[in-house]
Amino acid sequence: MGFWIFFILIALCIFSYIYQKNIFAPAVVFNFVFALVAFASMFKVSTNGLALRTVKINFFTYFLILLGCFCFTIASICVKRTEKKGKNTKTNSTILYTYIGLTGFGLILNASKIFSYLKNGGKVQYIYRLSTNSAYVENELSSTAFGDKYNTFIGNPLYYLLTPYFLTVYFQDKTQKKYLIYSFIFLFLKIITHFSRVEIMYFMLYFIVLVIMNKREWRISKNKKKSSFKTIMVFAVITFFMFYVFTLRNTNYLKTFFDYFGKPLLYMQTLFNYADIHGHCFGYLSTLGIGQFIFGLLEQINITPPQLLNLAQQYANEIGAATVLPDGSIYNAFSTCFYYFYVDFGLFGVITISFIFGLISQKMFVRFKSRSDIQAMVCYLILLICIGFSFIRWQLVRSEIALAFVYAFFLFKKQRALLRK
């Protein structure tokens, strides 16, 4: 059945591209990602190469992703493909430099632990493992209570907001090279804290999208050899840095691909047993990233969080815990966004939340494309992370991503749209 689901999702992807005429339209990316998941779920990497999986994905699991992708696609069609000129936004400089300072403090806070660890004889190869486990087991890279909360609710959300902001400003005005430098400094400090490949992937995705979406300016810059050469060199440095991190972590590329894309459906299928026992969260799981922040503040004045929030946190912990899959492998985290929707409201959640997600994403994309509004551009780049990495999890369950949208609200202010001649 996997082949049928793969071909249907590819058909939805092609239809979305023909309708939107842009490879970074939300429905194009969303359907393509889950087409890869459907394809990879049929295979495994063995000593003799690729082989068909002996443990099959059941009909209900395939149906769930097909239903969610279909609703997301329908929602994107419901939004007009162009938007009238209106009030654009501009950056609040005071807020911007405050955000830069707060983000830098959080990154330096984490980086200082790494430098101390390396100074005391620690090995680079172990940084990722120690930093990942430090949330569960105390070790050399464990954060203080203050450091952990600061970066979860302030430092990291601002990092995920400012990185696409810096690159967007640079691509809108190539003379603003300081923002490109800021983005590299922040990326470097972020990478050395845990040597995660994901941060480099995010950065590369932002870079590629902005190059293609600003293709008119890109064509002009090709006549200016210096500007073109610098841009190519930036991309080359990022690519080299990513493969260097892969080398440090002894990455097997083929196995990594099929582990990342081939097992989320099997993992989601396994997690359904937990959902059947504990019941629905009625929206608390999908909004956990915001809920943790709000109820964390309310706890300070002795207001007890609702039981449903505690249940949502239990689900999040269960998803992140190492689990033995039916094929004998150990897996965690990659449960797809649809599992979160299902846990909240069952099939109704998959239908409605997928539709709302598609509607908001398409609306922001149209504004991004039609008006070149900086707030829309930055917010869509963050949304693109939610879309492109939805095969892993519902990204807004993470406070780091969810709060980035909240902080974006304060970074920008309205201005009158200038009439273009």
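These remarks concern the structure in this document. (Residues numbered from 1 in each chain as written. Predicted model: local features only at pLDDT ≥ 70, side-chain atom pairs only at ≥ 80, totals over all residues. Heavy atoms only, no water.)

Quick notes on the overall build of the protein
Here's step 1: Within the protein, the regular secondary structure consists of 18 helices and 6 strands.
Here's step 2: The 421 residues of the protein split such that 52% are buried.
Here's step 3: Contacts spanning at least 24 positions in sequence make up 80% of the contacts within the protein whose residues lie at least 6 apart.
Here's step 4: Per element, the accessible surface of the protein, about 20700 Å² overall, is 65% carbon and sulfur. (Helix = DSSP H or I, 4+ residues; strand = E, 2+ residues; numbered from the N terminus. Buried < 20%, exposed > 50% of the residue type's maximum accessible area, 1.4 Å probe, protein only. Contact = heavy atoms within 4.5 Å. Areas by Shrake-Rupley, 256 points an atom, 1.4 Å probe, with all protein chains shown as cover.)

Comments concerning the pattern of salt bridges
Here's step 1: All told, the structure shown has 3 salt bridges when counted by the stated rule.
Here's step 2: For aspartate 327, the salt bridge identified is with arginine 53, shortest N-O distance 3.4 Å. Of this pair, aspartate 327 sits in the loop between strand E4 (323–324) and strand E5 (330–331) while arginine 53 is found in the loop between strand E2 (49–52) and helix H3 (59–77), placing the two residues 274 residues apart along the sequence.
Here's step 3: Under the relative-accessibility criterion, aspartate 327 is labelled partly exposed at 33%.
Here's step 4: Classification of arginine 53 as buried rests on a relative accessible area of 7%. (Salt bridge = Lys/Arg side-chain N within 4 Å of Asp/Glu carboxyl O.)

A word on the nonpolar core
Here's step 1: Among the nonpolar cores identified, the biggest contains 122 residues, and Leu9, Phe34, Leu161, Tyr165, Phe338 and Tyr339 are the most heavily contacted of them.
Here's step 2: No other element matches the 13 residues that helix H17 (residues 374–388) contributes to this core.
Here's step 3: The residues touching phenylalanine 338, leaving out its near neighbours within four places in the chain, are Phe30, Phe34, Leu64, Ile65, Gly68, Cys69, Met268, Val350 and Ser354. (Core = buried A, V, L, I, M, F, W, Y, C linked by side-chain atoms within 4.5 Å.)

Some points on empty space enclosed by the protein
Gaps left between atoms show up when a probe the size of a water molecule is rolled over them.
Here's step 1: Within the structure shown, the criterion is met by 1 cavity of 30 Å³ or more.
Here's step 2: Approximately 30 Å³ is the volume attributed to the largest cavity.
Here's step 3: Every residue lining the largest cavity is listed: Tyr159, Tyr160, Thr163, Leu187, Glu199, Tyr202, Phe203 and Tyr206.
Here's step 4: Counting only elements with at least two residues in the lining of the largest cavity, the list comes to helix H6 (145–172) and helix H8 (197–213). (1 Å grid on protein atoms, 1.4 Å probe; cavity = no way out; pocket = protein on both sides within 12 Å on 5 of 7 lines; lining within 4 Å. Points joined across faces, edges and corners; volume = space filled by probe spheres on them.)

Digging into the packing of aromatic side chains
Here's step 1: Under the defined criterion, the tally for this structure stands at 50 aromatic pairs.
Here's step 2: When the centroid spacing of 5.5 Å and the interplanar angle of 80 degrees are considered together, the rings of tyrosine 170 and phenylalanine 171 count as edge-to-face. A single burial state applies to tyrosine 170 and to phenylalanine 171, both of which are buried.
Here's step 3: Aromatic pair phenylalanine 389 and phenylalanine 391: ring centres 6.4 Å apart, planes at 25 degrees, arrangement stacked. Both residues of the pair, phenylalanine 389 and phenylalanine 391, count as buried.
Here's step 4: Three or more aromatic residues link up through ring pairs in this structure, and these residues are Tyr159, Tyr160, Tyr202, Phe257, Phe258, Tyr260, Phe261, Tyr267, Tyr331, Phe334, Phe389 and Phe391.
Here's step 5: Seen from the ring of tyrosine 159, lysine 190 lies directly overhead, with NZ or CZ sitting 5.1 Å from the centre. (Phe/Tyr/Trp six-rings, centres within 6.5 Å; stacked < 30°, edge-to-face > 60°. Lys NZ or Arg CZ within 6 Å of the ring centre and 35° of its normal.)

Details of the environment of glycine 2
Here's step 1: Within the secondary structure layout, glycine 2 lies in helix H1 (residues 2–20).
Here's step 2: Classification of glycine 2 as buried rests on a relative accessible area of 4%.
Here's step 3: Note: C-alpha distance between glycine 2 and phenylalanine 59 (57 residues apart in sequence) is 9.3 Å.

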